[in-house]
Amino acid sequence: MNWKQRTKELLAERGMSQSDLSRKLGVTRATISLWLGESSSYTDYNVSKIQYKIAAALDVPKEYLAKGSDRNKPQGRGVPVLGYEAVGEWLEENVCDDNTPLMYCPILCSPMTYAMNVRGSAMDSQGRSGASFPAGSTIYVDPKPPLKEGNICVLEDKEILLGIYERVNGQDTVVFLNPNSPRLQVESLKYHGTVIGIFSTVKPH
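An account of the accompanying structure is given in this report. None of these values were measured; they are calculated from a predicted model.

### What to know about a negative patch on the surface
A cluster of like negative charges, contributed by Glu89, Glu92, Glu93 and Asp97, occupies part of the molecular surface. Note on glutamate 89: relative accessible area 46%, which makes it partly exposed.

Here it is as C-alpha cells:
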C-alpha cells in the first residue's frame, strides 16, 4: 500500500470525503484529486510537503503516511516555519502560503504547531544560566496547551511577543529573560501558543 492508498483508507476510517479534506487543508477538491491520483508525478520534495500537510490534517505521523510505520507511536511532525505576521492567519485558518517552508519538530505536538525564528534580544539571557532564545534561533510553538503562568509563550498585544507569561497584581504581564528588557504589562492579550522546544545544531570541534 502506498501513501495515496493510506490516505484514502484514513479518509474512509474517519468518514471523510476528499472534499472534506480539501476544506481542512484550504485547497480545492481538484487539487486533492490530483495529489491522490495514481498518474500524478511530483518531485520527492513536493511529495514530502503534501504528505506533511495531509498527515497533519488527519492527525497521524507523517512517517505512517509515507512508509506505513506504526501510526500509534508518538512521533514528531512537519510544521510550517512562520513569520511573526503569519501566525494569526495560521491559527485562525490552519492554512499557510504554498511557499512556506516546513521543518521537522521531533517531539509529540498538535497539528497546529508551528516554528518561528526569534526576533530581537528580549529573550536572550545574555550568558546567564538557564534558557536563552537569542535572535535568529528557531522555536517550536504549540497552541494546544492552555496558557499557564511561568511558561514561555508566544503572545500578542499590539505586536507579537515572546516571553514568560505571569499575572502580577491581577495584570497580564510578559517577563523577558534579558535583564535589560523590562517586564511588560498588557491590556488585551492574545495567546498564540507555548514554546515546546528550540531547534539547535551541534557545532563541530
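Past the structure itself, the notes keep going.
### Quick notes on the packing of aromatic side chains
Counting across every chain of the model gives zero aromatic pairs. Its guanidinium or amino end placed over the ring of tyrosine 52, lysine 62 lies 5.1 Å from that ring's centre, counting from NZ or CZ. Its guanidinium or amino end placed over the ring of tyrosine 84, arginine 119 lies 4.4 Å from that ring's centre, counting from NZ or CZ.

### Focus: the nonpolar core
Formed by 25 residues in total, the largest nonpolar core has its most connected members in Tyr114, Met116, Phe133, Ile139, Val154 and Leu162. For this core, the leading source of residues is strand E6 (residues 160-168), giving five residues. Not counting chain neighbours up to four residues away, the residues in contact with phenylalanine 133 comprise Val118, Met123, Asp124, Ile139, Ile152, Leu162, Leu177, Val195 and Ile198. If you look at the next biggest cluster of nonpolar residues, it comprises 17 residues, including Leu10, Ile50, Ala55 and Tyr64.

### A closer look at helix H3 (residues 29-36)
Listed as buried for H3 are Ile32, Trp35 and Leu36. All buried residues of H3 lie within an arc of 85° about the axis, which places them on one face of the element. Away from its buried face by more than 90 degrees, H3 exposes Ala30 and Leu34. Turning to H3, the residues buried within the fold contact helix H1 (3-14), helix H2 (18-25) and helix H4 (44-58).

### Observations regarding the packing of H2 against H3
Contact geometry of H2 with H3 gives a least axis separation of 8 Å together with a crossing angle of 110°. Here H2 lies roughly perpendicular to H3, going by the angle between them. Contact with H2, carried on its side by Gln18, Ser19, Leu21, Ser22 and Leu25, involves Arg29, Ile32, Ser33, Trp35 and Leu36 of H3 and no other residues of that element. Its residues assigned to classes, the contact of H2 with H3 shows five nonpolar, four polar and one charged.

Definitions and limits used
Residues numbered from 1 in each chain as written. Predicted model: local features only at pLDDT ≥ 70, side-chain atom pairs only at ≥ 80, totals over all residues. Heavy atoms only, no water. Patch = residues over 30% accessible without salt bridge, like charges linked within 9 Å, V, L, I, M, F, W, Y side chains within 5 Å. Areas by Shrake-Rupley, 256 points an atom, 1.4 Å probe, with all protein chains shown as cover. Salt bridge = Lys/Arg side-chain N within 4 Å of Asp/Glu carboxyl O. Lys, Arg positive; Asp, Glu negative; His and termini not counted. Charge placed at Lys NZ, Arg CZ, Asp CG, Glu CD. Buried < 20%, exposed > 50% of the residue type's maximum accessible area, 1.4 Å probe, protein only. Phe/Tyr/Trp six-rings, centres within 6.5 Å; stacked < 30°, edge-to-face > 60°. Lys NZ or Arg CZ within 6 Å of the ring centre and 35° of its normal. Core = buried A, V, L, I, M, F, W, Y, C linked by side-chain atoms within 4.5 Å. Helix = DSSP H or I, 4+ residues; strand = E, 2+ residues; numbered from the N terminus. Contact = heavy atoms within 4.5 Å. Arc of directions from axis to C-beta. Axes fitted to C-alpha atoms, helices over the stretch in contact; angles between N-to-C directions. Parallel < 35°, antiparallel > 145°, perpendicular 65-115°, else oblique. Nonpolar A, V, L, I, M, F, W, Y, C, P; charged D, E, K, R; others polar.

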